[in-house]
Amino acid sequence: RREWEVRLQETLGPHYVLLHSSAHGVLYLSIFIRRDLIWFCSEVESSTVTTRIVSQIKTKGALAVSFTFFGTSFLFITSHFTSGDGKVNERIQDYKKIVEGLTLPRSVPDTNPFRSDPLDATTRFDEVFWFGDFNFRLNKDRNGVNSILQHNLVKDMSQLLQYDQLIKVMNGGSIFKGFQESTIEFLPTYKFDIGCDQYDTTSKQRTPSYTDRIVYKSRQKGDIKVLKYASCPLVKTSDHRPVFGLFEVRIRPGRDNIPLAAGLFDRELYLLGIKRRISRELQKRQVIKNQKSSAVCAIS
């Protein structure tokens, strides 16, 4: 985990700092923020829910992090729902257990308590982003999905998405109430043979599906604008392809009743990451310098 955080800091550079990170079993979530904006954040709080109690290693459940930035409260949730093609009801139960079990906020005041529901943590924040391996599948056999994938779909995935379990249950109102998802314009992100672009060639022949998703909601309509929602097809180190989102969020002025956290961030990580970044840049410059100073001699 620490090595991963150092790599993130090294990559993001000196203008960003790690505000908070949390882990719960195999789940991990980190919040980086622009360095000059840490003075406008409240205390960061976190909460976890385990949905598979019998497992010694926590592989199913949720991890949430929340804080207030100026006068806008944020909740970030990463989760891993029950796997299996037909286990839609189990995944719906996972969702319900998570929204009821997350104990946030605690010390930081709710920015609008009159619109909050004690049985749903996502109603207690202005802006909510929920992402992870939701494990919802396509209700279509492997051959049928393969047949659709053979067409040149480009960005129109409607032929596949008409079978998507998550879209169906969201439209039915049984899960992710009030949440939205941007238009999916990328191919299914699960399940690949590691290291290549082939969907599952094992004996299980799992159906390609959109298991990895990002959904969002806000108390005020139009607060969140989606700039990008896509997958990373070139990252092939897992049987999933990573999914990312880029959002623009409206921020409201600060509140007197929400104390700021006095610019707290992980300074040790910051210094280590920047030191590595500088060393890497110096190595690159030395390589370029050596290339420029090299000479080619001709003997006649």
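Residues numbered from 1 in each chain as written. Predicted model: local features only at pLDDT ≥ 70, side-chain atom pairs only at ≥ 80, totals over all residues. Heavy atoms only, no water.

1. A few points about the UniProt feature "transmembrane region" (unreviewed entry) in the protein
Under the UniProt annotation, "transmembrane region" (unreviewed entry) lies at residues 62-81. Helix makes up 0% of residues 62-81 and strand 85%, with an end-to-end C-alpha separation of 8 Å. (UniProt positions renumbered as here; feature names shortened; annotations may be inferred. Helix = DSSP H or I, 4+ residues; strand = E, 2+ residues; numbered from the N terminus.)

2. Considerations on the packing of aromatic side chains
Taken as a whole and judged by the stated rule, the model has 22 aromatic pairs. Measuring from centroid to centroid gives 6.0 Å for Trp 130 and Phe 179, while their planes differ by 75 degrees, and the two rings are edge-to-face. Here Phe 179 lies in the loop between α5 (165-171) and β7 (212-218) and Trp 130 lies in strand β6 (residues 127-133), a separation of 49 residues in the sequence. For the pair shown, Trp 130 and Phe 179 are each scored as buried. Taken together, the ring pairs in this structure connect Phe 81, Tyr 95, Trp 130, Phe 134, Phe 136, Phe 176 and Phe 179 into an aromatic cluster. One cation-aromatic arrangement involves Arg 91 over Phe 136; the distance from NZ or CZ to the ring centre is 5.1 Å. Over the ring of Phe 192 we find Arg 241, and its NZ or CZ is 3.8 Å from the ring centre. (Phe/Tyr/Trp six-rings, centres within 6.5 Å; stacked < 30°, edge-to-face > 60°. Buried < 20%, exposed > 50% of the residue type's maximum accessible area, 1.4 Å probe, protein only. Lys NZ or Arg CZ within 6 Å of the ring centre and 35° of its normal.)

3. Re empty space enclosed by the protein
If you walk through the whole model with that rule in mind, you get one cavity of 30 Å³ or more. If you add up the space inside the largest cavity, you get close to 40 Å³. In terms of residues, the lining of the largest cavity owes the most to one element, strand β4 (residues 61-69), which gives three residues. Along the lines of polarity and charge, the residues of the lining of the largest cavity split into five nonpolar, three polar and two charged. (1 Å grid on protein atoms, 1.4 Å probe; cavity = no way out; pocket = protein on both sides within 12 Å on 5 of 7 lines; lining within 4 Å. Points joined across faces, edges and corners; volume = space filled by probe spheres on them. Nonpolar A, V, L, I, M, F, W, Y, C, P; charged D, E, K, R; others polar.)

4. Concerning helix α1 (residues 2-12)
Listed in full, the buried residues belonging to α1 are Glu 5, Val 6, Gln 9 and Glu 10. Along the axis of α1, the buried residues cluster in a sector spanning 135 degrees; they form a single face. For α1, the exposed residues lying more than 90 degrees away from the buried face are Trp 4 and Thr 11. At the C-terminal side of α1, Gly 13 shows a positive phi close to 90 degrees. (Arc of directions from axis to C-beta.)

5. Let's talk about the environment of Leu 104
Tracing the backbone shows Leu 104 in the loop between α2 (88-101) and β6. Expressed as a C-alpha distance, the spacing of Leu 104 and Leu 75, which sit 29 residues apart in the sequence, is 8.7 Å. Setting aside residues up to four positions removed in sequence, Leu 104 forms contacts with Glu 45, Ser 46, Ser 47, Ala 64, Val 65, Ser 66, Leu 75, Ala 121, Arg 124 and Phe 125. (Contact = heavy atoms within 4.5 Å.)

6. Description of the side chain of Asp 212
Tracing the backbone through its elements, the reader meets Asp 212 in strand β7. Polar side-chain contacts of Asp 212 include one of 2.7 Å to the side chain of Thr 189. Within the structure, the side chain of Asp 212 is placed 3.1 Å from the side chain of Thr 211, a separation counted as a polar contact. When sequence neighbours within four positions are dropped, the list of residues in contact with Asp 212 reads Gly 132, Asp 133, Thr 189, Tyr 190, Tyr 229, His 240, Arg 241 and Val 243. (Polar contact = N/O pair within 3.5 Å; in protein donor to acceptor, adjacent residues only side chain to side chain.)

7. Details of the pattern of salt bridges
By the definition in use, this model includes 18 salt bridges. Of the charged contacts, one joins Arg 213 and Asp 164 as a salt bridge, the two residues approaching to 3.0 Å between their closest N and O atoms. Of this pair, Arg 213 sits in strand β7 while Asp 164 sits in the loop between α4 (158-161) and α5, placing them 49 residues apart in sequence. Residues Arg 213 and Asp 164 agree in their burial class; the two are buried. As a salt-bridge pair, Asp 223 and Arg 250 come within 3.2 Å of each other at their nearest N and O atoms. With Asp 223 in the loop between β7 and β8 (224-231) and Arg 250 in the loop between β9 (243-249) and α6 (267-293), this residue pair connects regions lying 27 residues apart in the sequence. (Salt bridge = Lys/Arg side-chain N within 4 Å of Asp/Glu carboxyl O.)

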